[in-house]
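These are the residues of each chain, in order.
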Amino acid sequence: MATAVPSVHSLDQVAVQSLKRVGPKVAERLAKLGIQSVQDLLFHLPVRYQDRTRLVPVGALRPGMEALIEGEIRDAEIGAGRRRSLKVLVVDGDGDAILLRFFHFSTQQAASLKSGERLRCYGEVRQGPSSLEMIHPEYRLRREAEDETEAALTPIYPSTEGLQQATWRGLTEQALAQVSPLSPVDLLPPETLVQQGLPTLAEALRYLHRPPLEASLDALLERRHPAFLRLAFEEMVAHQVSLRRLRLTQRQAVAPVLRGDARLQTRLRAALPFALTAAQERVMAEIASDLSQPRPMQRLLQGDVGAGKTIVAALAALQALECGYQAALMAPTELLSEQHLRNLGAWLRPLGIEPLWLAGRHKGRERGERLEAIASGAARLIVGTHALFQDEVCFQALGLVIVDEQHRFGVHQRMKLREKGGRDGGSPHQLIMTATPIPRSLAMTFYADLDLSVIDALPPGRTPITTVAVPDTRRAEVMERVMSACAQGRQAYWVCTLIEESEVLECQAAEETARQLSEGLPGLRVGLVHGRLKAAERDAVMADFAAGALDLLVATTVIEVGVDVPNASLMIIENPERLGLAQLHQLRGRVGRGAVESHCLLLYHAPLSEVARERLAIIRGTTSGFEIAERDLAIRGAGEVLGTRQTGAIQLRVADPVRDSHLTAAAQQAADLVLARHAEAVDPLIARWLGVREVYGQV
Ligand code: ADP
Ligand code: MG
């Protein structure tokens with residue numbers, strides 16, 4: 001394999017252990033952050049900078065600022081109060097005062113901070129009860145009026161326990177001394193750098209690690225300085241290159257030609273109580289055409305909650321079955337896979353097709369029988385979770401894989417699916433469905449290896465959901481609402497949200513709420529589901545609710561995706577301010593599935609933060625998932641919207657597809673240029689930004 005990296009003096013080949021003061025302990029701590037080579041160290045960028053280059057007059061301080069100040073101690077005392085603290089009043093040359101506060105201090109420290117001493121300190125300014133304060137500032141006592149300040153902005157590195165900022169500065173200093181025009185290699189084509197007006201890699205790294213005095217802190221912090229963009233751009237190019245190459249490889253794979261005769265599809269369509277919408281027909285045609293090609297389909301089907309993706313999946317599956325191939329449908333949870341099983345079973349049983357379910361609960365002989373049916377081809381349509389990836393599952397002739405709620409499946413899983421090919425060693429077609437609308441800017445960055453289809457309109461006859469925000473002081477009224485809705489034969493959800501990131505506490509809260517509501521709403525049949533119930537128990541409660549045997553379902557956010565009970569027309573969401581927009585939208589999508597008018601009450605706890613207020617206003621103002629996704633992206637950033645934080649799927653280290661979206665198109669062009677004319681840079685680029693495993697497709 002050609003490579004642009006010269007093997008001698010290449011900083012990605014030089015271990016951090018070669019640096020001074022890196023013993024086994026430090027090396028181990030660095031390794032925890034993924035830093036093994038000197039190059040890794042150089043790509044570990046400061047999160048922010050401190051300006052210790054000048055003294056700020058106390059009179060010019062504002063809350064939130066970090067600043068270097070100097071003054072004389074006017075008063076120092078140990079206050080009792082709610083928490084024992086050492087309070088030191090400092091007054092600068094202009095006579096302006098600020099209070100320093102220490103909650104942890106030694107006797108010796110307290111003794112040294114006495115009236116009359118001069119002090120220079122650095123810290124964050126806060127508004128205290130009666131004056132500006134710094135809590136635990138760094139400080140130094142000054143015996144005489146020396147006049148040294150730092151000569152450059154001070155970089156602050158993301159760190160881990162046991163690695164002090166001073167250590168980071170020492171290490172990066174040594175690493176920078178080794179930077180040369182040859183290493184780290186500049187992997188971007190020179191013409192691209194010129195066109196984009198970006199500095200060379202060496203310049204960019206030097207600038208980011210040691211910004212000169214005149215550097216604009218704002219430009220650095222807001223990540224719009226060209227030095228920063230140089231790295232962000234390279235990372236975006238690396239991702240594009242990797243996804244495009246993946247796509248090219250996939251294009252070369254062979255897939256079964258599934259040109260169905262529509263015999264099964266026609267029968268299903270005829271039996272449906274509704275006609276497909278124009279949007280559903282359009283994406284169905286896109287899928288049908290892909291399936292009839294000898295290359296594996298790689299299609300992402302986006303459609304808002306309730307847009308009707310399942311019927312499209314069923315029709316696509318039938319096209320595979322008509323050609324004598326198997327189809328598999330995977331959902332993110334067992335609960336959802338079971339629901340798919342129910343829906344598909346009801347639609348397909350009249351056609352003589354019995355979907356087979358493979359779940360965690362199938363053990364021992366039963367499991368063996370199911371695996372056998374999949375391997376022999378007795379099972380034509382298989383429904384399950386991502387457990388269908390497991391090695392023990394062998395298909396007789398898998399023609400199509402459908403993945404529901406794909407934002408939980410990363411590129412890696414997508415690639416793994418390819419290996420599940422059936423007969424003739426070909427790859428199955430892939431249809432990936434998501435109810436989380438992905439804004440275009442993100443789709444272009446993250447799904448460059450996929451084709452996109454969008455169901456952009458809901459089926460007719462849906463009554464829009466009315467959403468209102470109600471303070472939790474009016475809980476009693478809200479309970480009345482539940483009572484009267486249920487008295488009219490409707491059903492309701494009561495959603496309890498995450499408290500302090502703890503599932504245990506969340507479940508306890510849900511249990512407590514369920515108890516209170518059953519007491520407060522006599523005569524109502526109240527059910528409870530949460531994440532700590534056994535799957536079978538949870539499913540039993542859900543089934544009761546779906547069958548109308550329960551009026552009110554108290555739930556944690558486990559009901560977020562997929563559950564479909566058209567008679568449920570009222571949803572209460574407690575503490576909606578704790579949830580992101582996408583999650584609120586998904587939750588709310590559980591109602592408004594029937595013809596009756598539905599309501600969603602956001603039972604918030606005052607006072608609301610600015611962001612929370614904004615979120616609730618957005619969710620009240622629109623029911624369009626796409627609009628919500630765009631707004632969500634603006635508020636929360638890409639990682640959250642895609643859910644990649646949790647899954648560890650694609651992670652950008654430096655770039656942010658939203659903030660840097662003005663670079664997306666250029667990054668795509670540069671990726672094409674690299675692939676076409678600088679093939680030697682492809683592997684090093686991917687290795688640098690996505691890791692070596694990715695280069696060889698060992699994912
Ligand atoms: P989602 O896209 O969220 O998975 P579903 O596939 O669960 O949505 O569809 C939601 C509901 O809409 C289901 O009850 C489904 O049967 C119904 N549905 C789907 N397509 C249509 C249509 N064209 N007209 C009327 N109802 C439809
Ligand atoms: Mg669905």
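Our structure is the block above this text.
Below you will find a few notes about this structure. On a predicted model such as this, the values are computed, not experimentally measured, just so you know.

Axes are the key here: two packed helices are described by the angle between their axes and the distance separating the axes. Between helix 6 (residues 201-209) and helix 8 (residues 226-252), whose axes approach to 8 Å, the crossing angle comes to 125°. Here helix 6 lies oblique to helix 8, going by the angle between them. Along this stretch, helix 6 crosses helix 8, giving a crossing that reads as left-handed. Side by side, helix 6 and helix 8 meet where Leu201, Ala204, Leu205, Tyr207 and Leu208 of the first sit next to Ala227, Phe228, Arg230, Leu231 and Glu234 of the second. When the residues that make up the contact of helix 6 with helix 8 are grouped by side-chain class, the tally is 8 nonpolar, no polar and 2 charged.

Let us look at the sheet that holds strand 9 (residues 298-303). Two strands in a sheet stick together by hydrogen bonds in their backbones, pointing the same way (parallel) or opposite ways (antiparallel). A sheet is described by the order of its strands in space; here 7 strands give the open sequence 11-12-10-13-14-9-15, paired in parallel fashion. If you trace the sheet from one side to the other, it starts and ends with strand 11 (356-358) and strand 15 (451-455), each paired once. The sheet shows a mean angle of 20° between the axes of neighbouring strands, direction not considered. In the sheet, strand 9 pairs with strand 15 via 5 bridges, with the strands oriented parallel. Considered in strand 15, the bridge of Arg299 is made with Asp451. Of the strands in this sheet, strand 10 (326-330), strand 11 and strand 12 (381-384) are in contact with helix 13 (residues 364-376), which crosses strand 11 at around 125°.

Once that is clear, we can look at the pairing of strand 13 (residues 398-404). With 7 of its 7 residues buried, strand 13 lies for the most part within the structure. Here strand 10 runs beside strand 13; their pairing, made up of 5 bridges, is parallel. Residue Gln326 lies in a different strand from strand 13, and its bridge partner there is Leu398.

This part takes up the site of ligand 1. For ligand 1, the set of nearby residues contains 16 residues, the closest of which are Gln280, Gly306, Lys309, Thr310 and Arg462. In this structure, an oxygen atom belonging to ligand 1 sits 3.4 Å away from a main-chain N or O atom of Ala307. Between Gly308 and ligand 1, the recorded distance is 3.0 Å, taken from a backbone N or O atom to an oxygen atom. Compared with its free state, where it exposes 560 Å², ligand 1 has 82% of that area covered by protein. In terms of residue class, the shell around ligand 1 is built from 6 nonpolar, 5 polar and 5 charged.

Reading the values: the criteria
- Residues numbered from 1 in each chain as written.
- Chains lettered and ligands numbered in written order.
- Predicted model: local features only at pLDDT ≥ 70, side-chain atom pairs only at ≥ 80, totals over all residues.
- Heavy atoms only, no water.
- Axes fitted to C-alpha atoms, helices over the stretch in contact; angles between N-to-C directions.
- Helix = DSSP H or I, 4+ residues; strand = E, 2+ residues; numbered from the N terminus.
- Parallel < 35°, antiparallel > 145°, perpendicular 65-115°, else oblique.
- Left-handed = near helix turned anticlockwise from the far one by under 90°.
- Contact = heavy atoms within 4.5 Å.
- Nonpolar A, V, L, I, M, F, W, Y, C, P; charged D, E, K, R; others polar.
- Pairing = 2+ DSSP bridges.
- Buried < 20%, exposed > 50% of the residue type's maximum accessible area, 1.4 Å probe, protein only.
- Near = heavy atom within 4 Å.
- Polar contact = N/O pair within 3.5 Å; in protein donor to acceptor, adjacent residues only side chain to side chain.
- Areas by Shrake-Rupley, 256 points an atom, 1.4 Å probe, with all protein chains shown as cover.

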